[in-house]
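Chain residues, written in single-letter form:
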Amino acid sequence: MKILLVDDSNTMRRIEKNTLEKMGYTEVHEATDGADAIRKLGAGGFELVLMDWNMPNMTGIEALKAIKADPALKAVPVIMVTSESEKTRILEAIQAGAANYVVKPFQPETLQEKISAVTQKAK
Amino acid sequence: MSQLKIKVEHINPFVTSTIETFAKMVGVEAKPGKLMVKKGNKEDYDISGIIGISGGAKGMVALSFPKSTALRVTNKFVGTAYEEMNADTIDAIGELANIVVGYAKKGLSEFNVLISLPSVITGTNHQIMEPKDVFSFIVPFETPLGGFHLLVSLKAAE
């Protein structure tokens, strides 16, 4: 499964990549903000995106809305992984088409469970 | 002028978020000590992750560590084995601060605050200058990886 991690923090990308590799996912690509993500998704073949919210250039919610407005990308499930924990933010992301929502701080098991739930649903 | 005022209890979301962040993402217990009013700008630490706050409240929040604690925390947080500070450890301290403040934000919902991207200051006994006319509080923490402190400087926006 080809997965895109989108976070401006190298630290968070590394933590999420470690979690994915422990789950057996090895084709993990990285983007540093929403605009970079949109560019990389254009290459095609991605089956899951993990998206931070607060990033420079293009935020995660802006990127999510752009993905869901693009006929070529809208089927790709996007999990928001963010410290934005207010209900209004979570609702905004779900209404914009997020497949799931993980609040930082998270335990690795929580991220694994949310990823598994989304990938099982996509099958 | 805003009718809202920052009170000592508005420090609590940051303390709770620090405890939760260390428990979930670093895998250690962070025990808070007694809240203190900050005096002076000199830090007795080597690295600080700083987040600016704007919107209905203005100020900043910082997590400050001695180098040895920062390395141990980073290695446990990220799964690395660095013996010296580098770009990765600096990024990790900034991200820890980002998670702590981002998650604490919901405890300040009446202020509708916005947070900045993280900044990191390094250097022995570096100085953090808080905004003027702001009460600054320090909460020391102890962990099995060493001690650090949380600095919260906030005032309601006018």
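Now for a look at the structure at hand. Computed from a predicted model, the values in this text were never measured in an experiment.

Examining the overall build of chain A
At step 1: Counting its secondary structure elements, chain A contains five helices and five strands.
At step 2: When the helices and strands of chain A are placed in sequence order, the string is β-α-β-α-β-α-β-α-β-α.
At step 3: Here the C-alpha atoms of chain A give a radius of gyration of 13 Å, agreeing with the 14 Å that 2.2 N^0.38 yields for 123 residues.
At step 4: Along the first, second and third principal axes, the C-alpha atoms of chain A reach 35 × 30 × 30 Å.
At step 5: Per-residue burial over chain A gives 41% buried out of 123 residues.
At step 6: Considering only intrachain contacts with a sequence separation of at least 6, the fraction spanning at least 24 residues in chain A is 60%.

Considerations on the interface of chain B and chain A
At step 1: Facing 17 residues of chain B, the contacting portion of chain A comprises 17 residues.
At step 2: Only α1 (12-26) and α3 (87-104) of chain B provide two or more residues apiece to the side of chain B that touches chain A.
At step 3: The dominant element in the side of chain B that touches chain A, judged by the number of residues it contributes, is α3 of chain B, at eight residues.
At step 4: Its residues placed into classes, the side of chain B that touches chain A shows six nonpolar, five polar and six charged.

As for the nonpolar core
At step 1: Judged by nonpolar contacts, the single largest core of 47 residues is most densely connected at Val 61, Leu 63, Ile 93, Ala 97 and Val 100 of chain B.
At step 2: Listed by contribution, the elements that provide at least two residues to this core are α1 (10-22) of chain A together with α1, β3 (47-54), β4 (57-65), α2 (67-78), α3, β7 (135-143) and β8 (146-156) of chain B.
At step 3: The element contributing the most residues to this core is α3 of chain B, with ten residues.
At step 4: Excluding its chain neighbours within four sequence positions, the residues that come into contact with Ala 97 of chain B are Gly 49, Ile 50, Ile 51, Ala 62, Leu 63 and Pro 118 of chain B.

Remarks on the pairing of strand β4 (residues 78-82) of chain A
Residue and element names in this part refer to chain A.
At step 1: The element β4 is extensively covered by neighbouring structure, given that five of its five residues are classed as buried.
At step 2: What you see with β4 is no split at all: Val 78, Met 80 and Thr 82 on one side and Ile 79 and Val 81 on the other are buried throughout.
At step 3: Relative to β4, strand β3 (residues 48-51) runs parallel, the two being bridged by three bridges. Residue pairing for β4: Met 51 is matched across the bridge by Met 80.
At step 4: Each parallel crossover has a hand, and for β3 linked through helix α3 (residues 60-69) to β4 it is right-handed.
At step 5: Taken together, the four bridges between β4 and strand β5 (residues 100-103) define a ladder with parallel strand orientation. Its bridge partner lying in β5, Ile 79 is registered against Asn 100.
At step 6: Running through helix α4 (residues 87-95), the crossover from β4 to the neighbouring parallel element β5 is right-handed.

Let's talk about the packing of α1 of chain A against α3 of chain B
At step 1: Contact geometry for α1 of chain A and α3 of chain B: axes closest at 8 Å, N-to-C directions at 90°. By the angle between their axes, α1 of chain A is roughly perpendicular relative to α3 of chain B. Taken together, the residues of α3 of chain B that come into contact with α1 of chain A (itself represented by Asn 10, Thr 11 and Met 12 of chain A) are Asp 88, Asp 91, Ala 92 and Glu 95 of chain B.
At step 2: A per-class count over the contact of α1 of chain A with α3 of chain B returns two nonpolar, two polar and three charged.

Some words on the environment of Ile 79 of chain A
All names here are of chain A.
At step 1: Mapping Ile 79 onto the fold places it in strand β4.
At step 2: Accessibility expressed as a C-beta count within 10 Å gives 23 for Ile 79, which makes it buried.
At step 3: Along the backbone, Ile 79 and Glu 92 are 13 residues apart, and their C-alpha atoms lie at a distance of 13 Å.

Notes on the sheet that holds strand β2 (residues 28-31) of chain A
All names here are of chain A.
At step 1: Read across the open sheet, the five strands follow the order β2-β1-β3-β4-β5; overall the sheet is parallel. For this open sheet the edge positions go to β2 and β5, each flanked by a neighbour on one side alone. For this sheet, the mean angle separating the axes of adjacent strands, direction not counted, is 20°.
At step 2: Here α1 sits on the sheet and contacts β1 (3-6), β2, β3 and β4; the angle it forms with β1, its principal contact strand, is near 155°.
At step 3: Against the sheet, helix α5 (residues 108-122) makes contact with β3, β4 and β5, and its axis sits at roughly 175° relative to β5, the strand it touches most.

Calculation rules
- For every chain, the first residue of the written sequence is number 1, and numbering continues from 1 onward in sequence order.
- Each chain is given a letter, starting from A, and each ligand a number, starting from 1, according to the order in which they appear as written.
- Local features are withheld for residues below a pLDDT of 70 in this predicted model, meaning they are given only at 70 or higher, and side-chain atom pairs are given and counted only at 80 or more; totals for whole chains, interfaces and linings count all residues.
- Runs of H or I in DSSP of at least four residues are treated as helices and runs of E of at least two as strands, each being numbered from the N terminus.
- In this description the radius of gyration comes from C-alpha coordinates, and the expected globular size is given by 2.2 Å times residues to the power 0.38.
- Labels follow a simple rule on C-beta atoms placed from the backbone: if 20 or more others lie within 10 Å of a residue's own, it is buried; if 12 or fewer, it is exposed; otherwise it is partly exposed.
- Each residue gets a C-beta atom placed from its backbone, and two residues are in contact if those atoms lie within 7 Å.
- Only Asp, Glu, Lys and Arg are considered charged in this grouping, and only Ala, Val, Leu, Ile, Met, Phe, Trp, Tyr, Cys and Pro are considered nonpolar; every other residue, Gly among them, is considered polar.
- Put simply, a nonpolar core is a cluster of buried Ala, Val, Leu, Ile, Met, Phe, Trp, Tyr and Cys residues tied together by C-beta atoms within 7 Å.
- Paired strands, in this sense, are two strands between which DSSP finds at least two bridges.
- When the strands point away from the viewer and the connection leading from the first strand across the helix to the second strand turns clockwise, the crossover is called right-handed.
- Note on geometry: axes are C-alpha line fits, over the in-contact stretch for helices, and angles between N-to-C directions span 0 to 180 degrees.
- Orientation labels follow simple angle bins: below 35 degrees gives roughly parallel, above 145 gives roughly antiparallel, 65 to 115 gives roughly perpendicular, and whatever is left gives oblique.

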